[in-house]
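For reference, the chains in residue letters:
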Amino acid sequence: MTVGVQASEVANMEAAIFEDLKGLFVLAAVFMLGWFSCRPGSRLAGFAVRGIQGQVLTASTAKHICEDEEQYQAKPPSLLVSLKEAEFATSPKTVTDPWTNAVAVAIPIEDPLGAEVSSLVTPSSPDSVLAGVAAAECGAHGSAFELTAMDEQMHSFAERHDLSACQRLWRRWPAGLTPSSDTLAEVASAARCAAVSIADADFVLAVAERFGDVTLAETALCAGSRLCSAAWLAAAGARLYAAGVPETPEHAVAVARAYGRERRPDLAVDLWQAQSEMQSECGLDSSASVLPAAELYSAALEVCVGFGDFESALRLTKSACWHAPATSMGQAAFLALSRWLARRQDLHSAQECIRAAQRTGSVVDLATFRAVLKAAARNADMTQARAIFREMISTGLEPDFSTFAAMIRGYCSAGDMDQAMAYLHNMRQGGMSPDGPLFDSLLEGCAHRRLPDLAGQVLADMEAAGVRPSSATLAILVRLHAARGDLEEGLALYQELSQCHGLEPDSHTMGTLVCTCLTSGRHDLAMMAYQNLSSAGCRATARTFEDLIVSCLSYGDLDFAVRLLDEALCLTQPTQQEEDVTPEGAGTSIAQRKPRVFLEPKVIEDVLRLIGRRRLSKSLGMPLVMRLQAAGVMVPEHLAEAMLDCAQQPDQKLLSPLEQRCNERQSWCRSAPSAEPL
């Protein structure tokens, strides 16, 4: 009987302990639910704790504890060895003052249900002790719970690359809380992948500035270099340095590239110069072997060349004493600067760039050598050009067609036709065939040196190579024959070859032929060449019209001079034949079909003055003035008034001195009939 009673009592105590454990597990589950669903210490978590304490522990556990307390004194110690936790729970009288005082620090109740729950918990019950312990723990560790929850939320948002949510959480981030290093690293990763606005860059910058994180600082500057202006980058760098973040060369490079995007490469040069001066104050010199701010120097040079601001690039390289950048992109920009200097005929500076690049071990490309060689050839400095050509070959580069053509044209301009023919031979040995413009350069050199035999050889080589002569080629041959005094033979050769090859004349050919005839003193041949080419549909240039008008004035041919003015300025109306031939049909003015040539005002004034001196104002001068004014050509007011006054007077033919003497002699003969004419 005693054994049965003891067994039942043990079963009751085990059931009570099971109820207690069940209540604790439920309490832990509710705490975990409140932890992950809302901020710890919030209304839901506090209500769950108080509800479990008032309903679960008070209703079930307290009853078993009171029954077991009466039987505790009669039980042997062997039955209570496994029940040490129940011993503490069934001894409320042993509760010390700290535990009792903890009851007063209860969790604040924010709703009416809380008052009902708290009424079930009394200071003398075991549930009050447990409630006091929970309240004391929550009060002591509330900030830690808040930090952990916000840190995990920030980490979760950053993992999803939700920077907008991160920014909203950051706006209510407490001042004294510091996120974990994993959270900061996750925010940096999210910013590198998902930063798309200036607000994202500002958020990352603010986090990096507050906590002094180097990785976040680099990420903020990287995002700012893509999304923000150079002014933002400069201000961000100043804020980060003031917060204790160490200065890095990448920041200055990002600012320089931002200046390039804003089309202000000159500010990138100013930035490097400021950095160089700061390092010089620390003992470094820009003329030393180590270049100050080398990465920034390379980036600034790339920005200048990429934008096309070679003036700023030249200022940068001169400030750096012609140092070549160490990066491949910087060296490419450096060689581009050398080519630009060569095109400006600044041969000395271009060679300085080449030597600086060679000192750093970089390979100078063929385009750079060719540009410098062409500059030397244009300056007729063939000694320097030959040295550059040999240096290019010594570096293992094979000269191309443009390089050989530059050398040949240079020697033709210098008058050294032997060297020009030698380079032509070398070019052919290299498997390259000269083209028409190169043959024209050789013929031009022969005409300049008056070498008709060599010109005939070049013309034969041209025909053997299958290169068709152009109108410019024939004009050069005409000039060659004119230099020998055989202008008519040259014109005949021009007519023959142009018909043989079916060449159509152009403005350049007309100007060359007319200028050659006028230079040789053959005004008649110049007029004939102009009329023939004009009838073939060729339009003269302003220079050709002016040369012909001046020649007509010198020879006194005013009628043809006025005709040239009408054709150049499109002053005359088209004839019926011209209107029928024109695709636009009748009603279209000649000015709409032929472009007007704008002559120098002095040429027009000279024609009007000569017409006035010849007393031809009524027949030629006044009609010409009216046509000029109708076409919108400005005529000096004093010339127009003088021409009008002369036109109102009767025309008087102006006699030459010989005619005046003949008329005077005839009058003498009439006055003295006995005098017989000789």
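Residues numbered from 1 in each chain as written. Predicted model: local features only at pLDDT ≥ 70, side-chain atom pairs only at ≥ 80, totals over all residues. Heavy atoms only, no water.

**Concerning the overall build of the chain**
Move 1: Looking only at helices and strands, the chain features 36 helices and 0 strands.
Move 2: Across the chain, contacts joining residues at least 24 apart in sequence account for 65% of those joining residues at least 6 apart.
Move 3: Put simply, the chain shows about 36600 Å² of open surface, and 55% of that area lies on carbon and sulfur atoms. (Helix = DSSP H or I, 4+ residues; strand = E, 2+ residues; numbered from the N terminus. Contact = heavy atoms within 4.5 Å. Areas by Shrake-Rupley, 256 points an atom, 1.4 Å probe, with all protein chains shown as cover.)

**Re the pattern of salt bridges**
Move 1: Summed over the entire model, instances satisfying the criterion amount to 17 salt bridges.
Move 2: The closest approach of N and O atoms between Arg522 and Asp524, which form a salt bridge, is 3.3 Å.
Move 3: Judged by its relative accessible area of 45%, Asp524 falls in the partly exposed class.
Move 4: In this structure, the salt-bridge partner of Arg627 is Asp566, at a minimum N-O distance of 3.2 Å. In this pair, Arg627 sits in helix H34 (residues 617–630) while Asp566 sits in helix H30 (residues 558–569), placing the two residues 61 residues apart along the sequence.
Move 5: Classification of Arg627 by relative accessible area gives partly exposed; the value is 25%. (Salt bridge = Lys/Arg side-chain N within 4 Å of Asp/Glu carboxyl O. Buried < 20%, exposed > 50% of the residue type's maximum accessible area, 1.4 Å probe, protein only.)

**A word on a nonpolar patch on the surface**
Move 1: Together, Leu21, Leu24 and Phe25 make up an exposed nonpolar region whose accessible area comes to about 310 Å².
Move 2: Mapped onto the elements of the fold, Leu24 is located in helix H1 (residues 2–37).
Move 3: Classification of Leu24 as partly exposed rests on a relative accessible area of 40%. (Patch = residues over 30% accessible without salt bridge, like charges linked within 9 Å, V, L, I, M, F, W, Y side chains within 5 Å.)

**Description of the side chain of Ser471**
Move 1: Assignment of secondary structure puts Ser471 in helix H25 (residues 471–483).
Move 2: Classification of Ser471 by relative accessible area gives buried; the value is 9%.
Move 3: In this structure, Ser471 is in contact with Tyr494, Leu503, Glu504, Pro505, Asp506 and Thr509, ignoring residues within four places of it in sequence.

**Some points on helix H28 (residues 523–535)**
Move 1: End to end, H28 covers 18 Å across 13 residues, agreeing with the expected 18 Å (1.5 Å per residue, within 8%).
Move 2: When we look at burial in H28, the residues that qualify are His523, Leu525, Ala526, Met527, Ala529, Tyr530 and Leu533.
Move 3: The inward-facing, buried residues of H28 abut helix H26 (487–501), helix H27 (507–519), helix H29 (542–555) and H30.
Move 4: Downstream of H28 by one or two residues, Gly537 has phi in the positive range, about 95°. (Expected span 1.5 Å × (residues − 1).)

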